[in-house]
Protein chains: 2
Amino acid sequence: MTVAKPLEGVIVLDLGQVYNGPYCGFLLAQAGARVIKVEAPGGETLRRRALDTSQCYPFALLNAGKECITVNIKHPDGAKLIRSLAREADVLLENFSPGTMAQYGIGSETLCADNPRLVYGCSTGFGNSGRYRDYLGMDITVQAVSGMMSITGEGHGPPLKAGAAICDFLAGIHLYGGIVSALYQRERTGRGAVVDISMQDCMFPPMATAIGSYFFTGGQLPRTGNRHPALSAAPYNVYPASDGHVAIICIREEHWRQLCEAMGEPHLANDPRFRTMKDRAANMDAVDVLVGDWTRLRAKEEIFEITQRHGVISAPVRSLADVVADPHMHERGSLYWQEDPAMGDIALCTTPLRFREVEPPRPESAGGLGEDTGKVLGELLDLDASGVAALRDSGAI
Amino acid sequence: MTVAKPLEGVIVLDLGQVYNGPYCGFLLAQAGARVIKVEAPGGETLRRRALDTSQCYPFALLNAGKECITVNIKHPDGAKLIRSLAREADVLLENFSPGTMAQYGIGSETLCADNPRLVYGCSTGFGNSGRYRDYLGMDITVQAVSGMMSITGEGHGPPLKAGAAICDFLAGIHLYGGIVSALYQRERTGRGAVVDISMQDCMFPPMATAIGSYFFTGGQLPRTGNRHPALSAAPYNVYPASDGHVAIICIREEHWRQLCEAMGEPHLANDPRFRTMKDRAANMDAVDVLVGDWTRLRAKEEIFEITQRHGVISAPVRSLADVVADPHMHERGSLYWQEDPAMGDIALCTTPLRFREVEPPRPESAGGLGEDTGKVLGELLDLDASGVAALRDSGAI
């Protein structure tokens, strides 16, 4: 059964750069919107980085399915062009540093006055109000200021960042959520809205466990590596496997019994040192030795299969080579292989916003820089070839 | 100016538990939906854990503004009640282990056949298709299987988890995005949809940088702690402060010049060892010593202020005590203090989905277990007190 995509008919101007804004644009495109990626004539930061580095992969991933045009917003005619395009669009999104759009006369007030149905979405490090509103924020610094680093790492080591750009992507999907909420509301009111996403705001809810433990104990617990944050559950750790590592957690009494069965040692469930969660937490080192002695003799994928078959929550610590080849993700259509002229065979992902019985879309590759400028300006603004040429000559596009 | 909230009029049955589903319900409630939290008569996992542990904080945060009812879905009359409620609802969301709802005769097929306008949203570790569809997944194991752990930690240490429950919350906001997209589509088609969110899917896009570097180099780079993942930018690290740590990154040439000025040593920008990004990356240890020598004599908040004033991307590594008292977050209305009967003064957050000129909502506290059962069943299903009493006697609620 084929069902139309949820956002068909929606026109988006995506002025996003690097990860945060472009991830939002990627999700909008995969949900059926027509997404027009608007870049400076030199290309956005990530496209420029992509020219000679490994950054061409994230660029390809995040911009698949978008039409690519160039507009120089620093040029008065370029800014005027954005105003004209925003009159024809449903959504404009950007993640420039605070105040950039207003500096060129195309801030949200102006564009929304021109087009009251416009949904203007922006995402910044700290949001559009409060004392840090003009401060710069990027993934690693937001990991610092949000408290994330303070709880990541080992007890004897420094605070650490999570390796993935989690703040950028968390903000990008929140931007998507805010924009689609505003589109839904527009169905009733006929009016757009300004969506104001702060990376710092987005990082607070995921900190809830740690903050709860702070309010409960009146202080901050030491970092615990891969163990339970309050050291009150075991097994709960990353264990050695013969070919890497595996994560295993038992958060209910039955999980421990099932793990003992999976390990072929059902009697351990009745060992007085391990009978209840409290007992196991008190004897955490002994528990970890026991589990580790079983896991270290087996391959991580084998442990995954055996423990899951016994109803135990577990997973291998996958390397990047494992991740891109994950058979489940490929079966499910979440990943697909594509030949890239520069990189060879690469695995790209489809949207995580999946609908039952809707085939996940495999989008066209991202266009070349400015590849669709003439077509888009023609279709949306009725500009002919000579009009486009004049803009090009003046440096506006 | 007060504007109505975007999802006013939408009725949600939130069968979520712990973080993932409840975070989605929290966002829906804050966006104006009427969210009815449906729990087993003993309370959902997090409410049960909250009874005597630090988990009462996340429970309070994630369930603020929801009406609380109990339904025993394992009891035939309880399952029937869910069917009746789902006929009156716009959205049902759940994050049980795979197949739970279907096991009790209230899977998405049944409920959507009863009410074709229903948006049924579910979130699981691995999604509803593919070979792992029945596997159990929780935050830490999804951090393992997604590759996140493989890139978190120090070069000489083990793979590590990020300290916050990032997979749970990332999936929760994706669930929100999918549900609101389906509501938007329903405005056109009159039909609901089944939203199928996989925690594993949601973790792939944030891995894009690391995966790009894998495809580019043909292998996995060693973990780099807080340094640049490919060791190709400096300064890019977490540095010691007199009272903790601070994160500073320079990703453009001007950032370095501005940092040298902030440090009162503008001549360093012309030092041949540090002139270009390439030079600095090649002399990374020397760069880190220089920056660390300046930061270690100053307090982290002072460094934050000085460097940001000079246009440098930076932030203090905040402790949890810092995070809950963040003046910016409180000014912006993202955090607010509330007196809690059990915990005393706690800082709770409002939704990260913010709209310009809309005051962030400060919701009522989460209700007691089943507190609103009678009222909700009366309003939605016209049940009177004796009907409710009969259900209670039978163990269905």
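Some details on the overall build of chain A
Now for step 1: If you tally the helices and strands in chain A, you get 18 helices and twelve strands.
Now for step 2: Relative to its 397 residues, chain A shows a buried fraction of 57%.
Now for step 3: Within chain A, counting contacts between residues at least 6 apart in sequence, those at least 24 apart form 68% of the total.

Here we look at the environment of Thr124 of chain A
Residue and element names in this part refer to chain A.
Now for step 1: Following the sequence through the fold, Thr124 ends up in strand S5 (residues 119-124).
Now for step 2: The class of Thr124 is buried, set by 26 C-beta atoms lying within 10 Å.
Now for step 3: Look past the residues within four positions of Thr124 in its chain and what remains in contact with it is Asn95, Pro98, Gly137 and Ser198.

A look at unusual backbone geometry
All names here are of chain A.
Now for step 1: A cis amide bond, omega -5°, links Ala234 with the succeeding residue Pro235.
Now for step 2: With respect to the helices and strands, Pro235 occurs in the loop between helix H10 (208-217) and strand S7 (236-241).
Now for step 3: The phi angle at Leu231 is positive, at roughly 55°, despite the residue not being glycine.
Now for step 4: As for its placement among the helices and strands, Leu231 is situated in the loop between H10 and S7.
Now for step 5: Unlike most non-glycine residues, Glu357 shows phi in positive territory, near 70°.
Now for step 6: Looking at where Glu357 falls in the secondary structure, it is placed in the loop between strand S12 (354-355) and helix H17 (373-381).

A look at the confidence of the model for chain A
Now for step 1: Per-residue confidence for chain A averages 95 on the pLDDT scale, and 98% of its residues sit at or above 70.
Now for step 2: As scored by the predictor, the complex reaches a pTM of 0.98 and an ipTM of 0.97.

Thoughts on the sheet that holds strand S2 (residues 34-39) of chain B
Now for step 1: Within the open sheet, the seven strands sit side by side as S12(A)-S6(B)-S5(B)-S4(B)-S1(B)-S2(B)-S3(B). Their pairing is mixed. Single-partner strands in this sheet number two, and they are S12 of chain A together with strand S3 (67-70) of chain B.
Now for step 2: Direction of pairing for strand S4 (residues 91-94) of chain B relative to strand S5 (residues 119-124) of chain B: parallel, over a ladder of four bridges. Bridge pairing in S5 of chain B places Glu94 of chain B opposite Cys122 of chain B.

A short note on helix H14 (residues 300-309) of chain A
Residue and element names in this part refer to chain A.
Now for step 1: All of the buried residues in H14 are Lys300, Ile303, Phe304 and Thr307. Here the buried residues of H14 occupy an arc of 105° about the axis, which is enough to place them on one side.
Now for step 2: Turning to H14, the residues buried within the fold contact S7, strand S8 (244-249), helix H11 (253-262), helix H13 (284-295) and strand S9 (313-316).
Now for step 3: The first or second residue beyond H14 is Gly311, which carries a positive phi of 75°.

Some thoughts on the sheet that holds strand S8 (residues 244-249) of chain B
Consider a sheet: its strands pair through backbone hydrogen bonds, and that pairing is either parallel or antiparallel.
Residue and element names in this part refer to chain B.
Now for step 1: Taken together, the three strands give an open sheet; going across it, the order is S7-S8-S9, and neighbouring strands pair in antiparallel fashion. With partners counted over all chains shown, the strands left at the sheet margins are strand S7 (236-241) and strand S9 (313-316), one partner each. Within this sheet the neighbouring strands show an average axis-to-axis angle of 20°, counted without direction.
Now for step 2: Sheet topology note: the S7/S8 ladder contains six bridges and is antiparallel.

Here's the deal with the pairing of strand S6 (residues 193-198) of chain B
Now for step 1: Among the six residues that make up S6 of chain B, six are buried, leaving the element largely enclosed by the rest of the structure.
Now for step 2: Here S6 of chain B shows no split at all, with Ala193, Val195 and Ile197 of chain B on one side and Val194, Asp196 and Ser198 of chain B on the other all buried.
Now for step 3: Where S12 of chain A and S6 of chain B come together, two bridges link them in antiparallel fashion. Paired with Phe355 of chain A across the two strands is Val195 of chain B, which belongs to S6 of chain B.
Now for step 4: Judged from the six bridges that link them, S5 of chain B and S6 of chain B form a sheet pairing that is parallel.

What counts, and at which threshold
- Residues numbered from 1 in each chain as written.
- Chains lettered and ligands numbered in written order.
- Predicted model: local features only at pLDDT ≥ 70, side-chain atom pairs only at ≥ 80, totals over all residues.
- Helix = DSSP H or I, 4+ residues; strand = E, 2+ residues; numbered from the N terminus.
- Buried ≥ 20, exposed ≤ 12 C-beta atoms within 10 Å, placed from the backbone.
- Contact = placed C-beta atoms within 7 Å.
- pLDDT = per-residue confidence, 0-100.
- Pairing = 2+ DSSP bridges.
- Arc of directions from axis to C-beta.
- Axes fitted to C-alpha atoms, helices over the stretch in contact; angles between N-to-C directions.

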